[in-house]
Amino acid sequence: FLAAADGLGSIAIDTTQLNMSVSDPTAWATAMNNLGMVPVGLAGQQLVTDSICVPGFDPSLSMMTGITPINPMIPGMGLVPPPPPTDVPVVKEIIHCKSCTLFPPNPNLPPPSTRERPPGCKTVFVGGLPENATEEIIQEVFEQCGDITAIRKSKKNFCHIRFAEEFMVDKAIYLSGYRMRLGSSTDKKDSGRLHVDFAQARDDFYEWECKQRMLAREERHRRKMEEDRLRPPSPPAIMHYSEHEAALLAEKLKDDSKFSEAITVLLTWIERGEVNRRSANQFYSMVQSANSHVRRLMNEKAAHEQEMEQAKESFKNALTGILTQFEQIVAVFNASTRQKAWDHFSKAQRKNIDIWRKHSEELRNAHSEQLMGIRREEEMEMSDDDSGDNPTKKLRVDDSALAAQAYALKEENDSLRWQLDAYRNEVELLKQEKGQLFRTEESLTKDQQLQFLQQTMQGMQQQLLSIQEELNNKKSELEQAKEEQTHTQAMLKVLQEQLKSAKELAEINGHDESQANEINVLTVALVNQDREKNSEKRSPSLKSEKEALLIGIISTFLHVHPFGANIEYLWSYMQQLDSRISANEIEMLLMRLPRMFKQEFTGVGATLEKRWKFCAFEGIKTV
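The rules behind each value
- Residue indices begin from 1 for each chain and proceed along its sequence in written order.
- Local features in a predicted model are, by the rule used here, given only for residues with pLDDT of at least 70; side-chain atom pairs are given and counted only at 80 or more, and totals for whole chains, interfaces and linings are based on all residues.
- Side-chain numbers come from the whole structure's heavy atoms, not from hydrogens or water.
- The term salt bridge refers to a side-chain nitrogen of Lys or Arg lying within 4 Å of a carboxyl oxygen of Asp or Glu.
- The secondary structure listing takes helices from DSSP runs of H or I that are at least 4 residues long and strands from runs of E that are at least 2 residues long, numbered from the N terminus.
- Patch membership requires more than 30% relative accessible area and the absence of a salt bridge. Residues of like charge join within 9 Å; the nonpolar side chains Val, Leu, Ile, Met, Phe, Trp and Tyr join within 5 Å.
- Per-residue and other accessible areas follow the Shrake-Rupley method at a 1.4 Å probe size, with only the shown protein chains counted as cover for residues.
- For the exposure calls, accessible area comes from a 1.4 Å probe over protein chains only, and a residue counts as buried if that area is under 20% of its type's maximum, exposed if over 50%, partly exposed in between.
- Two rings from Phe, Tyr or Trp (for Trp, the six-membered ring) form a pair when their centres are within 6.5 Å of each other. A pair whose planes differ by under 30 degrees is stacked, one over 60 is edge-to-face, and the rest are tilted.
- Charges are assigned to positions over rings by a cutoff of 6 Å between ring centre and Lys NZ or Arg CZ, combined with an angular limit of 35 degrees from the ring normal.
- Buried Ala, Val, Leu, Ile, Met, Phe, Trp, Tyr and Cys residues form a nonpolar core when they are joined through side-chain atoms within 4.5 Å.
- Here, residues are in contact when the closest pair of their heavy atoms is within 4.5 Å.
- UniProt positions are given in the numbering used here, feature names are shortened, and annotations may be inferred rather than shown by experiment.
- By definition, two strands form a pair when at least two bridges between them are found by DSSP.
- An axis is simply a line fitted to the C-alpha atoms; with a helix, the fit covers only the stretch in contact. Between two such axes, the angle follows the N-to-C directions and lies from 0 to 180 degrees.
- Between 65 and 115 degrees an angle is taken as roughly perpendicular, under 35 as roughly parallel, over 145 as roughly antiparallel, and anywhere else as oblique.
- By convention, the crossing between two helices is left-handed when the near helix turns anticlockwise from the far helix through less than a right angle, and right-handed when the turn is clockwise.
- Note on residue categories: nonpolar means Ala, Val, Leu, Ile, Met, Phe, Trp, Tyr, Cys or Pro, charged means Asp, Glu, Lys or Arg, and polar means any other residue, Gly included.

Brief notes about the pattern of salt bridges
Following the criterion strictly, the structure yields 25 salt bridges and no others. The shortest N-O distance in the salt bridge between Asp 170 and Arg 117 comes to 2.6 Å. Note that Asp 170 is positioned in helix α5 (residues 167–173) and Arg 117 in the loop between β2 (100–103) and β3 (123–127), a separation of 53 residues in sequence.

This is the structure in structure tokens:
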């Protein structure tokens, strides 16, 4: 009953099909036949023979090979006529089941709408079910479309059905619009209009993705195999340079059969930069061995040229013999065309002889032109020589022999000159090594003197810096002492005036000595407070809690660096804790606390460096 879903059917529609009775047993068979399935009757008997169906049809072929499933009832296979035109409506028929009956929709109504098909869809949504429909009835209706793996029925009038294959969904969509009636009941709860649509299920999408990934893996594997098949073989690995490998390579360079392999290794070593003063002689000998093959290659070329000349000569002789035979054949044809023999031939024979004669003349002319071209090339080669006489040829041969001897002598002279240069280089290396031995002793004494001088200069610089720091400290102490002295003198004057005024008041008021003693105690307390204030002024006060925290972190950092640290190193460490702090701020804070942090200079000249050290514990010990 999926003829419309597959786009199949007959062009001519019989009118008896429109008025078919509900009890007609052939309706179900016709619908199942249009589906491409073996129809089964109400009692389970087969209604259509196996000869109608295509033997061996496997609907799951698409899952394994990716080929679109073939419907055995498609037109062109000889089972059904071609599809009807689109303007002719497809008539659906009544479907009878054991527990229910399906009535087709009005053919004049538009087909039911469906959503876009999700990829790998195997699940359909079935709505409009009768209220009294059970899972067994639903399975009985939809199992005709294919194997059902799961049915999820809701309490309301719909359910979800998952099939084993994707093409079974198309057969289920065909039932959309049918009116379903349970048994022969006319109750509303026993009837409903089916609406079948595609459903989006996670399991279907997951299986589809797995299938796509499998196909992608197979495609990548196929491409990789094709690339590996077409990829040229990689060249063999070239060993690293060593004296042992160089000796083996020199032997291979002398062997004609291994020369091509050895010359690539030599070229690679030279390009890698393996040539130095120590290995120059060995590489020169290998280059010389490579040069010795030039003569062999020239001899091989001369032998091949001689073979080519012999082949040309044999080709010319064979061509001359062929041309003489062609001349004889043409002479036979010309003799046949004379009147003595020509009159005795028939008309057809004369025609054939004439055609054969023309064809032979054309071939003879082509071969004669080719032979003449070869002779012209030989004449041109002969004209390129100085002259064609025998004495000059002998002189030319003698000149070539003398030139070869001169070339050989030149090669020997070059090889001796290069060997002499190599020996000179070795002598220079030995001289340099001996000179370096004498120079090292002198340079050691000079270096030691320079080190001693640098150390003394560093000590003097440190002494000067320490003296300067002491002077600055003394100056600051003197200034503080002067300020304290002036402040105490002023306070004493004020206190003396206050005492005088207090005594006068006491005398006027007639107070006793106890009150005077209290006044003296107050004055002593005021003096002590002034001294404490002066001491606080002397010691630099901390402005905020942040400075105290910075002093603690810096003290800890410098305590674990006993040799001190420069301000840049200290600032980079503090930047990790507070990115807004600056190096100048840290340096000012260190300069404000000379008893906790001291500054030292190390190095000489360009290597002079200023370092800060933690000295609070030293001050405690001295105190």
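Quick notes on a nonpolar patch on the surface
There is a patch of nonpolar side chains on the surface, built from Ile 270, Val 275 and Val 287 and spanning about 220 Å² of accessible area. Along the chain, Val 275 turns up in the loop between α8 (259–272) and α9 (280–336). Take Val 275: its relative accessible area is 40%, and that puts it in the partly exposed class.

What to know about the packing of aromatic side chains
By the definition in use, this model includes 10 aromatic pairs. Between the aromatic rings of Trp 269 and Phe 283, the centroid separation amounts to 6.5 Å while the plane-to-plane angle is 80°, which identifies the pairing as edge-to-face. Taken together, the residues Trp 269 in helix α8 and Phe 283 in helix α9 connect sequence positions 14 residues apart. With respect to class, Trp 269 is no different from Phe 283; both count as buried. Joined through ring pairs, the aromatic side chains of Tyr 241, Trp 269 and Phe 283 make up one cluster. Sitting above the plane of the Tyr 174 ring, Lys 92 keeps its charged end 4.7 Å from the centroid. Above the face of the Phe 259 ring, Arg 296 is positioned so that its terminal group lies 5.8 Å from the ring centre.

Considerations on the nonpolar core
As a rule of thumb, soluble globular proteins bury nonpolar side chains together. Of all hydrophobic cores here, the largest spans 30 residues; its most connected members are Val 126, Phe 142, Ile 161, Phe 163 and Met 180. Put simply, the parts of the chain that give this core at least two residues each are β2, β3, α4 (135–142), β5 (158–163), α5, β6 (179–182) and β8 (195–198). Ignoring anything within four residues of it in the chain, the contact list for Ile 161 reads Lys 122, Thr 123, Val 124, Val 126, Ile 138, Phe 142, Ile 148, Ala 150 and Ile 151. Among the nonpolar cores identified, the runner-up in size contains 18 residues, and Phe 557, Ile 586, Leu 589 and Trp 612 belong to it.

Some remarks on the UniProt feature "coiled-coil region" (unreviewed entry) in the protein
Here, UniProt's "coiled-coil region" (unreviewed entry) annotation points to residues 287–314 and 406–498. In residues 287–314, helix accounts for 100% and strand for 0%; the two terminal C-alpha atoms are 41 Å from one another.

Quick notes on the sheet that holds β8
Across the sheet, which stays open at both edges, the 4 strands sit in the order β4-β5-β3-β8 with antiparallel pairing between neighbours. Every interior strand has two partners, whereas the edge strands, β4 (148–153) and β8, have only one. The mean angle between the axes of side-by-side strands here comes to 20°, regardless of whether they run parallel or antiparallel. Summarising the sheet, β4 and β5 pair through 5 bridges and their orientation is antiparallel. Within the sheet, the bridge partner assigned to Ala 150 lies in β5 and is Arg 162.

Focus on the packing of helix α14 (residues 545–559) against helix α15 (residues 567–577)
Between α14 and α15, whose axes approach to 11 Å, the crossing angle comes to 130°. With respect to their mutual orientation, α14 and α15 come out oblique. Handedness of the α14/α15 crossing: right-handed. Residues Leu 550, Ile 553, Ile 554 and Phe 557 of α14 touch α15, and the partners they reach there are Tyr 569, Leu 570, Tyr 573, Met 574 and Leu 577. A class-by-class count of the residues in the contact of α14 with α15 yields 9 nonpolar, no polar and no charged.

With respect to the sheet that holds β6
The 4 strands are arranged β1-β2-β6-β7 in an open sheet whose pairing can be described as antiparallel. Taken across any chain shown, the strands that pair with only one partner, and hence form the sheet edges, are β1 (95–96) and β7 (191–193). Pairing between β2 and β6: 4 bridges, direction antiparallel. Bridge pairing in β6 places Cys 100 opposite Leu 182.

Overview of the environment of Glu 378
Within the fold, Glu 378 resides in helix α11 (residues 347–384). Classification of Glu 378 by relative accessible area gives partly exposed; the value is 29%. Those residues in contact with Glu 378 that sit more than four places away from it in its chain are Glu 313 and Lys 316.

Brief notes about the pairing of β3
A large share of β3 lies buried, amounting to 4 of its 5 residues. Note that β3 and β5 share 5 bridges and pair antiparallel. By the bridge assignment for β5, Thr 123 is matched with Arg 162. Where β3 lies against β8, 4 bridges are found, and the strand directions are antiparallel. Within the sheet, the bridge partner assigned to Val 126 lies in β8 and is Val 196.

Side note on the pairing of β2
In this structure, β1 lies alongside β2, joined through 2 bridges in antiparallel fashion. Bridged to His 96 within β2 is Thr 101.

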